[in-house]
Structures are given as structure tokens and as C-alpha cells.
Amino acid sequence: MKNFIYLSIIGLLFASCGSGGDDPVTPPVVNKAPSVPVLTAPADNKLCLDNVVSFQWNESTDTEKDAIVYQIQVAKDNAFSQIITTLDNTSNPTNISLEKNTSYYWRVKATDAKGLASAYTATYKFYTAGTAVVNHLPFLPTLGLPAINSVLTASTATLSWTASDVDTGDVLTYDVYFGTANPPTVKIGENISAVNVTTAVEPTKQYFWKVVVKDNKGGETIGQVWKFKTN
């Protein structure tokens, strides 16, 4: 039995020594997604003078030098639940005819020849000019905190958001609705200029809230409903 063990050990030593002359194994190339494109035109918060809009972006790079195609999405809301158009294999730039006097949101992603896609770009927003339009409505508010479906442990919640208007010089104020009903109907802030408000919350409940953005020329935009929970 000992002789058998010795012979096995010697055999293993010879096998390990003999493998030293083999060529190293080249690891397989792992495909990587293209880099995220960067939007250039129309610029964020842009007032376009024509409803035929030219969309442009800085193109992606690909580590494996794969061919890259682009998808562009244009929507009427910043959550992209009201998508106007999705164009695959689109060229850069791409011209799209849109409605006049309307706010739009757009983003682009890149996909390589092996089907691996980048993340979408940041979302840009713009407004198409209308005939004899004096005032443009504010853009939809963008969620700050708390994140959708997040869970809070404190007895108060600070609700925050951002908003903008294509008309230079417009002063924005906000109405904030909050509660356990969906959509919320209780107004906890009215005509406030701050972009946050703090409110008391109770444990083990789900809350809903929304922001109405108003400019000083009578225009207003109703934001979508956001939600979070408490534990």
C-alpha cells in the first residue's frame, strides 16, 4: 500500500513538471457593452424654433471595435410612459417631426453587433415653439427624494424635487399633494418656492405624493404620482 502511495505521488510530480512546457491558455474575450452616448442637441431645457427637431449625440466607443447602432426614444413625460417614438438603428443626427408648443423628453442608447447595449443616456428635455405663444408651461418635475418604493424608518419624510421652465425669467412655485390615497388629494404645500417640504409620517403605511409646478404667468404642469413606504 505504501509503495502504491509513493508511486502515485511520484507520478503526480512528473505530471506537474511535464505540463510546464505547454503553451498558456488564452482566456476568452469577454464582450463589453459600448460606452453610453452623450446627448448634444437639442440641449437640455432648449426652446426649439421649429417642430422638426434634429437630434444629435456624441457617439459611443466599443472596446472590441464592434459596429454600433443607436436607439432614440422621444416621450411626453420624463418617466417615458408616454413614448411618442422609438427609432432603432437610427442615424446621427436624426430629424423627427413633432407637435408644436409641446414639451418633450429624449434619450439614446447604443447596442453593439453582439447585441450588448449600453445604459440610456441622461434624459434631456426641450419645448417646441408654437404660433404666437407667449408663455410655455413648466417642464414636469423630476423626483429627488425619497426614491420610488423606498422604505423610510423616521417619523418624518422630506420630499424633494427639481423643476425648470424654458422661458427665461419665469418664477416657479409649487403645490404639493401628499397622503395615503392614490392619487393624493391633501395639499401640504401651496405656492411654495422651495423645492422640498417635510411632513410627518406614520409607520407601516404607503404614501403617495405629487408636485404641481406653476409659473408666474398662469401656466402649470401636474407631475406624476410618486410613492414610498414606512416601516
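These remarks concern the structure in this document. What you see is a predicted model, and the numbers here were worked out from it, not measured in a lab.

## Quick notes on the environment of A41
Item 1. Relative to the assigned elements, A41 resides in strand 1 (residues 38-41).
Item 2. Along the backbone, A41 and Q56 are 15 residues apart, and their C-alpha atoms lie at a distance of 5.0 Å.
Item 3. Once residues within four sequence positions are removed from consideration, A41 is found in contact with S54, F55, Q56 and W106.

## Structural notes on the sheet that holds strand 11 (residues 156-162)
Item 1. Overall, antiparallel pairing links the 3 strands, which are arranged 9-11-14 in an open sheet. Each edge of the open sheet carries a strand with a single partner, namely strand 9 (142-143) and strand 14 (196-200).
Item 2. In the sheet, strand 9 pairs with strand 11 via 2 bridges, with the strands oriented antiparallel. Bridging across to strand 11, T142 finds its partner in T162.

## Topic: the pattern of salt bridges
Item 1. Counted according to the given criterion, the structure contains 8 salt bridges.
Item 2. Note that D44 and K125 form a salt bridge whose closest N and O atoms lie 3.6 Å from each other. In this pair, D44 sits in the loop between strand 1 and strand 2 (46-48) while K125 sits in strand 8 (residues 124-128), placing the two residues 81 residues apart along the sequence.
Item 3. The shortest N-O distance in the salt bridge between K187 and E190 comes to 3.5 Å.
Item 4. Look at the salt bridges and you will find they share partners, linking D175, K187, E190 and K214 into a network.

## Details of the nonpolar core
In a soluble, globular protein the nonpolar side chains are often hidden away together inside.
Item 1. Counting 16 residues, the largest nonpolar core has L159, W161, V176, F178, W209, V211 and F228 as the members making the most contacts within it.
Item 2. At the level of secondary structure, the elements contributing two or more residues to this core comprise strand 11, strand 12 (173-179), strand 15 (206-214) and strand 17 (226-230).
Item 3. When residues no more than four places from it in sequence are discounted, the contact partners of V176 are L159, W161, V186, K187, I188, G189, I192, V197, W209, K210 and V211.

## Examining the sheet that holds strand 3 (residues 52-58)
Item 1. Read across the sheet, 3 strands follow the order 1-3-6 without closing on themselves; strand pairing throughout is antiparallel. The open sheet terminates on both sides in strands that have one partner only, identified here as strand 1 and strand 6 (94-97). Across the sheet, the mean angle separating the axes of adjacent strands is 35° when strand polarity is ignored.
Item 2. As judged from the 4 bridges shared by strand 3 and strand 6, these two strands associate in the antiparallel manner. Bridging from a neighbouring strand, S54 pairs with N95 of strand 6.

## So, the packing of aromatic side chains
Item 1. Summed over the entire model, instances satisfying the criterion amount to 13 aromatic pairs.
Item 2. Taken together, a centroid distance of 4.9 Å and an interplanar angle of 65° make the contact between F55 and W106 edge-to-face. Taken together, the residues F55 in strand 3 and W106 in strand 7 (residues 103-112) connect sequence positions 51 residues apart. The pair F55 / W106 is uniform in exposure class, with both members buried.
Item 3. Ring geometry for W161 versus Y174: centroids 5.5 Å apart, planes at 75°, classification edge-to-face. Of this pair, W161 sits in strand 11 while Y174 is found in strand 12, placing the two residues 13 residues apart along the sequence.
Item 4. Given a relative accessible area of 2%, W161 falls into the buried group.
Item 5. Residue classification places Y174 among the buried positions, given a relative accessible area of 4%.
Item 6. One residue, R107, lies across the ring of Y120, its end atom 4.0 Å from the ring centre.
Item 7. Residue placement shows K210 over the ring face of Y177; its charged tip is 5.3 Å from the ring centre.

What counts as what
- Residues numbered from 1 in each chain as written.
- Predicted model: local features only at pLDDT ≥ 70, side-chain atom pairs only at ≥ 80, totals over all residues.
- Heavy atoms only, no water.
- Helix = DSSP H or I, 4+ residues; strand = E, 2+ residues; numbered from the N terminus.
- Contact = heavy atoms within 4.5 Å.
- Pairing = 2+ DSSP bridges.
- Salt bridge = Lys/Arg side-chain N within 4 Å of Asp/Glu carboxyl O.
- Core = buried A, V, L, I, M, F, W, Y, C linked by side-chain atoms within 4.5 Å.
- Buried < 20%, exposed > 50% of the residue type's maximum accessible area, 1.4 Å probe, protein only.
- Axes fitted to C-alpha atoms, helices over the stretch in contact; angles between N-to-C directions.
- Phe/Tyr/Trp six-rings, centres within 6.5 Å; stacked < 30°, edge-to-face > 60°.
- Lys NZ or Arg CZ within 6 Å of the ring centre and 35° of its normal.

Interpretation in functional terms is not warranted from these geometric data alone.
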